[in-house]
Amino acid sequence: WAAVDVEAAVLRGFTVSVEAEAVRAMSPDGPVLLHTLLAADKKPESGGQWSIPSRLRWKFKVTGNSSWQVGVVPESECENQRYLYGEGVVGLTAAGTYAAEMEKVDLHGSWVEVVCDCERGSASFAVETDDRVISRKHLLPFVGPVRLAISTFNGCEVFLQRGRAR
């Protein structure tokens, strides 16, 4: 599992608690991004040393405010708190959100698993509802490092599972 950038989250006003099996983050007024600590990128074709992962994975749910998005963000946009909300193209939007261009899905309060695989150039999203699993796959239009991110608004509580990456 990809670690959350707790330091950046706290600087942006999130209230964060790190527990043995989860990270909980309560959102301030937004939109504001909660993102992975590390970026991922495709390994260079030349071989050589590689210091960042090529795959990121999160499993989480959001309760409270139903206005939020999840997606893949170019590393160069991680400081742009409005990126997913206004410009995001790879991800999903909770049904309670009205501005994002990404597909709206009833995912609020459901477990969401995101896997970004830079080697394959794709990101997959699986939403586990009470009676079904909704799956979406996107090709990555970005060149260079990316991070997973959740764009939240006041009152969103994010619960991210912690564990070992598979």
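These notes cover the structure that comes with them. Keep in mind it's a predicted model, so treat the numbers as computed, not measured. (Residues numbered from 1 in each chain as written. Predicted model: local features only at pLDDT ≥ 70, side-chain atom pairs only at ≥ 80, totals over all residues. Heavy atoms only, no water.)

Moving on: the sheet that holds strand S12 (residues 156-161). Working definition: the strands of a sheet are paired by backbone hydrogen bonds and lie parallel or antiparallel to each other. On the basis of which strands lie adjacent, the open sheet formed by seven strands has the order S1-S2-S12-S4-S8-S9-S10 and antiparallel pairing. Two strands in the sheet have a free side with no partner beyond their single neighbour: strand S1 (15-18) and strand S10 (133-139). Going from strand to strand, the sheet's axes swing by 20° on average, the running direction of each strand aside. Direction of pairing for strand S4 (residues 55-64) relative to S12: antiparallel, over a ladder of five bridges. Considered in S12, the bridge of Gly64 is made with Cys156. (Pairing = 2+ DSSP bridges. Helix = DSSP H or I, 4+ residues; strand = E, 2+ residues; numbered from the N terminus. Axes fitted to C-alpha atoms, helices over the stretch in contact; angles between N-to-C directions.)

So, on to the nonpolar core. One broad rule of soluble globular proteins: the nonpolar side chains tend to lie buried together. If you look at the biggest cluster of nonpolar residues, it comprises 44 residues, and the most contacted ones within it are Phe60, Trp68, Val72 and Cys116. Here Val72 is in contact with Tyr83, Leu84, Val90, Cys116, Ala123, Leu140, Phe142, Val146, Arg147 and Leu148, once residues within four sequence places are set aside. (Core = buried A, V, L, I, M, F, W, Y, C linked by side-chain atoms within 4.5 Å. Buried < 20%, exposed > 50% of the residue type's maximum accessible area, 1.4 Å probe, protein only. Contact = heavy atoms within 4.5 Å.)

Residue Pro31 follows Gly30 across a cis peptide bond; omega there is 15°. Relative to the elements of secondary structure, Pro31 occurs in the loop between strand S2 (22-26) and strand S3 (32-35).

With that settled, consider the state of the cysteines. Considering all chains together, one arrives at zero disulfides under this definition. This cysteine, Cys78, is not joined by any disulfide, and Cys116 carries the nearest cysteine sulfur, 12 Å off. Classification of Cys78 by relative accessible area gives buried; the value is 4%. Its sulfur unpaired, Cys116 is 4.2 Å from the next cysteine sulfur, which belongs to Cys118. Since its relative accessible area comes to 0%, Cys116 is described here as buried. (Disulfide = S-S within 2.5 Å.)

Burial along strand S6 (residues 91-94) is two-sided: Gly91 and Thr93 and Leu92 and Ala94, pointing in opposite directions, are all buried. With three bridges connecting them, strand S5 (residues 69-74) and S6 associate as antiparallel partners. Along S6, the bridge assignment pairs Val70 with Leu92. Examined bridge by bridge, S6 and strand S7 (residues 103-105) share three bridges and lie parallel to one another. Its bridge partner lying in S7, Thr93 is registered against Lys104.

A few words on the pairing of S12. Direction of pairing for S2 relative to S12: antiparallel, over a ladder of five bridges. Bridging across to S12, Val23 finds its partner in Leu160.

This part is about the environment of Asp5. Here Asp5 is to be found in the segment before helix H1 (6-11). Judged by relative accessible area, Asp5 falls into the buried class, the value being 13%. Spatially, the C-alpha atom of Asp5 lies 6.0 Å from that of His35, the residues being 30 residues apart in sequence. Leave out the neighbours within four places in its chain, and Asp5 touches His35, Thr36, Leu37 and Arg147. From its side chain, Asp5 meets the backbone nitrogen of Ala8 in a polar contact 3.0 Å long. (Polar contact = N/O pair within 3.5 Å; in protein donor to acceptor, adjacent residues only side chain to side chain.)

Taken as a whole and assessed by the stated rule, the structure comprises nine salt bridges. Put simply, Glu157 and Arg24 hold a salt bridge, and the shortest N to O gap is 3.7 Å. Of this pair, Glu157 sits in strand S12 while Arg24 sits in strand S2; the two residues are 133 residues apart in sequence, bridging distant segments of the chain. A relative accessible area of 31% means that Arg24 is categorised as partly exposed. A salt bridge links Glu128 to Lys59, with the shortest nitrogen-to-oxygen separation between them at 3.2 Å. Pair noted here: Glu128 is in strand S9 (residues 122-128) and Lys59 is in strand S4, with a separation of 69 residues, a long-range link. What you see here is one network of salt bridges that share partners, running through Asp5, Glu75 and Arg147. (Salt bridge = Lys/Arg side-chain N within 4 Å of Asp/Glu carboxyl O.)

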